[in-house]
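The residues making up each chain are set out below.
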Amino acid sequence: MVSAIASRLLQAFLTLLLTSVVVFVLARTSGNPVDLVLPAEATPAERQAFIERNGFDRPLPVQYAVFITGALQGDFGISIRTRQPAVDLVMQRLPRTLALATVGLLVALAISVPVGVMAAAYRGSGWDRFGQSFALLGQSVPAFWLGIILILVFSIHLKWLPSSGVGGWRNYVLPAIVLGWSISAGIVRLLRSSMLDVLGTEFVKLARAKGLSERRVVWKHALRNALIPVVTFIGFMYGVIIASAVVVEVVFGWPGLGYLAYESTLWRDFPVLQCAVLVYTAIIVGINLLVDACYGLIDPRVRV
Amino acid sequence: MSAATGALAPASRRHLPWVALIIVAASVLIAVTAGLIAPHDPEAIDPINAELPPVFLDGGAWTYPLGTDRLGRDVLSRILFGARLSLGVAAVALLIGGLVGTALGVIAGYRGGWVDALIMRLADTFLAFPSVLIALVLAVTVGPSFWVVALVLGLVLWARFARLVRGEVLAWKVRDFIALARVAGARGPYIAIHHLLPNVVNSLVVLCTLQVGWAIVVEASLTFLGAGIPPPAPTWGGMVAEGLDFIETAWWISVMPGVAILLVVFAFNVVGDWLRDRLDPQLRAV
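Conventions used here
Residues numbered from 1 in each chain as written. Chains lettered and ligands numbered in written order. Predicted model: local features only at pLDDT ≥ 70, side-chain atom pairs only at ≥ 80, totals over all residues. Helix = DSSP H or I, 4+ residues; strand = E, 2+ residues; numbered from the N terminus. Buried ≥ 20, exposed ≤ 12 C-beta atoms within 10 Å, placed from the backbone. Contact = placed C-beta atoms within 7 Å. Core = buried A, V, L, I, M, F, W, Y, C linked by C-beta atoms within 7 Å. Expected span 1.5 Å × (residues − 1). Nonpolar A, V, L, I, M, F, W, Y, C, P; charged D, E, K, R; others polar. Axes fitted to C-alpha atoms, helices over the stretch in contact; angles between N-to-C directions. Left-handed = near helix turned anticlockwise from the far one by under 90°. Parallel < 35°, antiparallel > 145°, perpendicular 65-115°, else oblique. pLDDT = per-residue confidence, 0-100.

This paragraph deals with the overall build of chain B. Helix and strand content of chain B: 10 helices and zero strands. Secondary structure elements in chain B, listed N-terminal to C-terminal, are α-α-α-α-α-α-α-α-α-α. Taken over the C-alpha atoms alone, chain B extends approximately 75 × 50 × 30 Å along its principal axes. Sorting the 286 residues of chain B into buried and exposed places 49% on the buried side. Restricting the contact set of chain B to residue pairs at least 6 apart, pairs at least 24 apart contribute 72%.

This is the structure in C-alpha cells:
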C-alpha cells in the first residue's frame, strides 16, 4: 500500500515535471523568448532589462530552475494583455471551470448509470442495443459541433436557454449536457460490462434465491458492486472533462480557464497560457491522486 | 470481463455492419480521390454566390449541392477535401503512435524488470498529458500545422498502444512455443518479430480502428480552436469554426462538416466495435 501511494505520487510528480519541461522548452527554443513574453511595443531598454532580469543569457537548465522556482511560488509573469499577474487571472477563472465540469459530471452520471444498468439487466434486448448505440454515438459526436447544434435549436429557434455567458442555472444546462454526454459513453460501456460480471457472481444468485425482487437485486446489490471500477474511471474522466471543457467553454462563451487559455492563444499571451496549462495539469493530477486515495474507502478489499 | 460472459455476447452484434463498412470505405476512397471527384476547387472564392443555401432549401442550386460559405467556396468540395486532411492526420498519428507504442510495449513486456517499470511509468505520464492544452502552447510557439497536430496525437497514442501490447506480450511470453524458440537459440528481437508480433496483430488492428475516430475528433477540435491545421486549408473543424459567426443566417456552413465528422467517426467506431467482438474477445472491456 505504501509503495502504491509512493508510486502514485511519483507518477503525479513526473506528469507535472514533463508538462513544465515541455512548456518551458517550447517557450525558450522557438524564436526569441523576449518576443513571447514582452509586448511588441517594448523599448530596447525594457528588452535588455528583461533579458538580464530573467537570465536568458544563462544555460537552459539554469533558466529552467529559475522558472520552476518562480512558478512554485506562484510567479508566472505578467499578462501581456492586461498587465496583471498571470496567476491572478488564472485563479479568477478556475472556479467557473470546476463548477461547469462538476455539473457536467453529474449530468454524465444521471444519464449513464440508468442506461448502463438497463443495458446489462436486459442484455440483448432493445434496451441493450439502445444503450450501446447511445454510448457509441456520444463517443462520435464532436463536442464543439453538438454545442453549436444545441445553441441553434434551443437558443436561437426555441429561445428557451441562453447561448452564452454565465448567470443563473439556465446557463449551465446546454454546456453541461454537451460535456456530460461526451463522457457518458465510456461510463455506460464500463458499467455495462461491470454489471454483467457482477450479475454472474454467486452472491447475486444467492440474493435471487433468497427471494429478493429482481429490482432490488439489480439496483441495490449488483449496482453497488459494479460501481467500484466506475469510480476510478470517473476520476480519470474528470481529467478528460476538464480538458474537453476548453472547446465547450469557447462554444458557449463560458469565461472559465479553458476560454482563458483559448483567448491567450489568440492574443499570444504566453505567460497566461503557460500558467493555465500548468494549473490545468496540476488539477488533473491532483484529482487522480484523490480518486486513488478514495478507492480504498469504497472498496474494502484495497484497505490495509 | 470473464470468459463466460464474453461467449454470451448478443448475436445481434456479430453480423456485418454493412452501412458502417461502406461509410468507412467511402471516406477512405474520397480522401484518396478528392481531387478527381470534387466539383469545385475547395479554395476557389466566388463572392457573388456567397452564403448560398444547399440545393434542398429555397434558393439553392445544383452548382453548389451543399451551399457555399461566406466567401462563396463550395461546402461539398471543402468537405471532400477535408476527408483527406482528417484521415491523413489520423493515419500519420496512428503510424507514429502505433510504431513507437508497439516497439516499446514489446520491449516492456518481454524484458520486464526496471525496463518495464520505466516504460510503463512513462506511458502513464503521457496518458495524463493535457494534449489539447499542449497543442495550444505549440500553436503559439511553433505555429499550428498538420505535423504539429499529428505529433500531439501521436504523443498520446503511443502510450495507449504500449499498454495494450505490453499486456498481450506478458500473456504470450510464458507460452511453451516462446520457451522452445529460446531453447532453439533464437534471440530476443527475433522472437519479438517472428513469434510475439503475429499474435498481437489482431489487437493492434482493433485498437487502430477504434482510435481513428478519436484522432479525427481531437484534430477537428484543435482546428476549431485555431490550434490545428491553419486556414485556408479545407478542414472539417475549421469549417465549423468559420460558420459560427453566421450560424443564424447560414447554418449549413457549420452544420454540414459536423455531419461529415459524425458519420465518419461513428462508422469507424461501429466497425472497430465489430472487429473487437470478432477478432479479440479479450479487448471487449476496453
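Let us now look at the overall build of chain A. If you tally the helices and strands in chain A, you get 12 helices and zero strands. Starting at the N terminus and walking to the C terminus, you meet the elements of chain A as α-α-α-α-α-α-α-α-α-α-α-α. The dimensions of chain A, computed from C-alpha atoms along their principal axes, are 85 × 55 × 30 Å. In chain A, which comprises 304 residues, the proportion classed as buried is 41%. Taking all contacts inside chain A whose residues are at least 6 apart in sequence as the whole, residues at least 24 apart take part in 72%.

By size, the foremost hydrophobic cluster in this structure holds 175 residues, and its most contacted members are Val90(A), Ala261(A), Ala276(A), Ala135(B), Leu136(B), Leu153(B) and Ala215(B). Residue contributions to this core peak at 19 residues, all from helix α10 (residues 214-251) of chain A. The contact partners of Ala215(B), leaving out residues within four places of it in the chain, are Val89(B), Ala90(B), Ala93(B), Leu94(B) and Leu153(B).

Bringing helix α10 (residues 252-279) of chain B into the picture now. Helix length check: α10(B) (28 residues) gives 39 Å between terminal C-alpha atoms against 40 Å at 1.5 Å per residue, within 8%. Within α10(B), 20 of the 28 residues are buried, which leaves the element mostly enclosed by the surrounding structure.

Time to look at the interface of chain B and chain A. How big an interface is tends to be reported as the loss of accessible area on association of its parts. Between chain B and chain A, the contact holds 46 residues from the first and 46 residues from the second. Elements represented by at least two residues in the side of chain B that touches chain A include exactly α1 (3-7), α4 (113-127), α5 (131-141), α8 (188-224) and α10 of chain B. Residues of the side of chain B that touches chain A, tallied by class, amount to 30 nonpolar, 11 polar and five charged.

This part is about the packing of helix α3 (residues 75-111) of chain B against helix α6 (residues 146-172) of chain B. Each pair of packed helices gets described by two things: the angle between the helix axes and the distance between those axes. All names here are of chain B. Where α3 meets α6, the axes come as close as 5 Å, and the angle between the chain directions of the two elements is 35 degrees. Handedness of the crossing formed by α3 with α6: right-handed. Considered class by class, the residues forming the contact of α3 with α6 number 24 nonpolar, seven polar and three charged.

Residue and element names in this part refer to chain B. Of all 11 residues making up α5, 10 are buried, and the element is well covered by its neighbours. Looking only at α5, the buried set comprises Val132, Leu133, Ile134, Ala135, Leu136, Val137, Leu138, Ala139, Val140 and Thr141. Phi turns positive one or two residues past the end of α5, at Gly143, with a value near 90 degrees.

Let us look at the packing of helix α7 (residues 143-157) of chain A against α10(A). All names here are of chain A. Across the interface, α7 lies against α10 with an axial gap of 9 Å and an inter-helix angle of 30 degrees. Here α10 runs roughly parallel to α7, going by the angle between their axes. Crossing of α7 over α10 shows right-handed handedness. Here α7 contributes Ala143, Phe144, Gly147 and Ile148 to the contact with α10, which in turn contributes Ser244, Val247, Val248 and Val251.

A few words now on the confidence of the model for chain A. Per-residue confidence for chain A gives a mean pLDDT of 80; residues scoring 70 or more make up 92%. Here helix α2 (residues 33-37) of chain A stands out as the least confident element of chain A, with mean pLDDT 68; helix α5 (residues 86-121) of chain A is the most confident, with 88.

Let us now look at the environment of Val90(A). Residue and element names in this part refer to chain A. Mapped onto the elements of the fold, Val90 is located in helix α5. Accessibility expressed as a C-beta count within 10 Å gives 26 for Val90, which makes it buried. Val90 sits 189 residues away from Val279 along the chain, and the two C-alpha atoms are 8.0 Å apart. Ignoring anything within four residues of it in the chain, the contact list for Val90 reads Leu257, Leu260, Val272, Cys275, Ala276 and Val279.

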